[in-house]
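# Fold and contact review
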Amino acid sequence: MYSHSYKTLQPTDVRIKTEHLNIYYGKKQAIKDVSLDMFTHRVTALIGPSGCGKSTYLRSLNRMNDLIENSRTEGNVLLDGVNIYDKQVDVVELRKKVGMIFQKSNPFPKSIFENVAYGPRINGMNDKKKLEDIVERSLKQAALWEEVKDDLAKSGLSLSGGQQQRLCIARALAVDPEILLMDEPASALDPIATAKIEELIYELKNTYTIVIVTHNMQQAARVSDYTGFFYMGELIEFDETKKIFTMPAKKQTEDYITGRFG
């Protein structure tokens, strides 16, 4: 269904780099000394058993962990060479650039149109024609436009689960991010809706750099270019996805992928 084309990546293609990242919740260490490069216009999948730190790591990439009481981050997260944890970084601007799609779709109790227009509106966009253009473009990018274009006044909550998730993706795209973080975006969806989200991810990487957390290893194998295997807060192995799934370097990775533990 998907054909991956690998090019020889230059170091300049690194979009996000974490260096010796440690994250704590109170005294508990959730992420242990993780250094990892994520590349421009590539999908990086993070896999590993529940509670291994994948989502904590993902949330560190746009400082969502800041919202969790007692969380503490050490080390660097570099976005285009700038450490996003520097004091002078504007977190609101950061989150516009690095969008987030959550596991459970969370449309606002507003119309489909207003769900997508929400971000541009709070950023000061009031031009009706421009808003209409942004909503149409975002819904098209999220592969939802054809299904909802005649019902934009309908509540976002009236859509099916898969449509709601694509609406949330459209909402994230409306503020023109450059990077998309996806935390198990299809885990609550049926196989048909999941396939649509996967196809969408594959399309979106032409425009965005994507990092996805998934507990579904087949999904990681299908949609990603690179895969990182996390276990107990540590990054055990990171490589091109085809290599991780066919010739992992570490026995622990192989045991997880073949279902011997997890």
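See the structure shown above.
Let me sum up the structure you'll find in this document. Since the model is a prediction, treat every value here as computed from it, not as a measurement.

About the cut-offs
- Residues take numbers from 1 onward in each chain, read along the sequence in its written order.
- Per-residue local features of the predicted model are confined to residues with pLDDT of at least 70, and side-chain atom pairs are confined, for both listing and counting, to 80 or more; whole-chain, interface and lining totals are unaffected and use all residues.
- As a rule here, side-chain values come from all non-hydrogen atoms in the structure, and water together with hydrogens is ignored.
- Strands are runs of DSSP state E lasting at least 2 residues, helices are runs of H or I lasting at least 4, and numbering of each runs from the N terminus.
- Think of it in three bands: residues with accessible area under 20% of the maximum for their type are buried, residues over 50% are exposed, and the middle band is partly exposed, with areas taken using a 1.4 Å probe on protein chains only.
- Any pair of nitrogen or oxygen atoms within 3.5 Å is treated as a polar contact; in protein, a donor-acceptor pairing is required on top of that, and neighbouring residues in sequence qualify only through side-chain atoms on both sides.
- Contact between two residues is taken to exist if any of their heavy atoms lie within 4.5 Å; hydrogens are not considered.
- What counts as an axis is a line fitted to C-alpha atoms, over the stretch in contact for a helix, and the angles between N-to-C directions run from 0 to 180 degrees.
- An angle below 35 degrees is treated as roughly parallel, one above 145 as roughly antiparallel, one from 65 to 115 as roughly perpendicular, and anything else as oblique.
- Each crossing gets its handedness from the near helix: less than a right angle anticlockwise from the far helix is left-handed, clockwise is right-handed.
- Just so you know the grouping, Ala, Val, Leu, Ile, Met, Phe, Trp, Tyr, Cys and Pro go in nonpolar, Asp, Glu, Lys and Arg go in charged, and all remaining residues, Gly too, go in polar.
- Two strands are said to pair when DSSP picks up at least two bridges between them.

## Considering the side chain of Arg-166
- Within the secondary structure, Arg-166 is located in helix α6 (residues 161-173).
- Here Arg-166 falls in the buried class, since its relative accessible area comes to 5%.
- Among the polar contacts made by the side chain of Arg-166, one reaches the main-chain carbonyl oxygen of Ala-143 at a distance of 2.6 Å.
- Those residues in contact with Arg-166, other than ones at most four positions away along the chain, are Ala-142, Ala-143, Leu-144, Glu-147, Lys-196, Ile-197 and Leu-200.

## Observations concerning the packing of α6 against helix α7 (residues 191-204)
- Viewed as axis vectors pointing N to C, α6 and α7 meet at an angle of 20 degrees, and their least axial separation amounts to 9 Å. Taken together, the axes of α6 and α7 are roughly parallel relative to one another. Between α6 and α7 the crossing geometry is right-handed. Contacts between α6 and α7 involve Gly-162, Gln-165, Arg-166, Ile-169 and Leu-173 from the first element and Ala-193, Lys-196, Ile-197, Leu-200 and Leu-204 from the second.
- Here the residues of the contact of α6 with α7 sort into 6 nonpolar, 2 polar and 2 charged.

## Observations concerning the packing of helix α3 (residues 112-122) against helix α4 (residues 128-141)
- Between α3 and α4, whose axes approach to 9 Å, the crossing angle comes to 110 degrees. The pairing of α3 with α4 is recorded here as roughly perpendicular in orientation. As for how α3 packs across α4, the hand of that crossing is right-handed. Between α3 and α4, the contacting residues are Ile-112, Phe-113, Val-116, Ala-117, Pro-120 and Arg-121 on the first element and Leu-131, Glu-132, Ile-134, Val-135, Ser-138 and Leu-139 on the second.

## Some words on the sheet that holds strand β6 (residues 98-101)
- Strand order in this open sheet of 6 strands is β6-β7-β8-β3-β9-β10, and the pairing throughout is mixed. The open sheet has two free edges, formed respectively by β6 and β10 (234-240), since each of these has just one partner strand. Ignoring strand direction, the axes of neighbouring strands in this sheet form an average angle of 15 degrees.
- In terms of strand pairing, strand β3 (residues 43-47) meets strand β8 (residues 209-213) through 4 bridges, oriented parallel. The residue of β8 that forms the bridge with Ala-45 is Ile-212.
- In the packing of α6 onto the sheet, the strands contacted are β6 and β7 (179-183), and the crossing angle to β6 comes to about 170 degrees.

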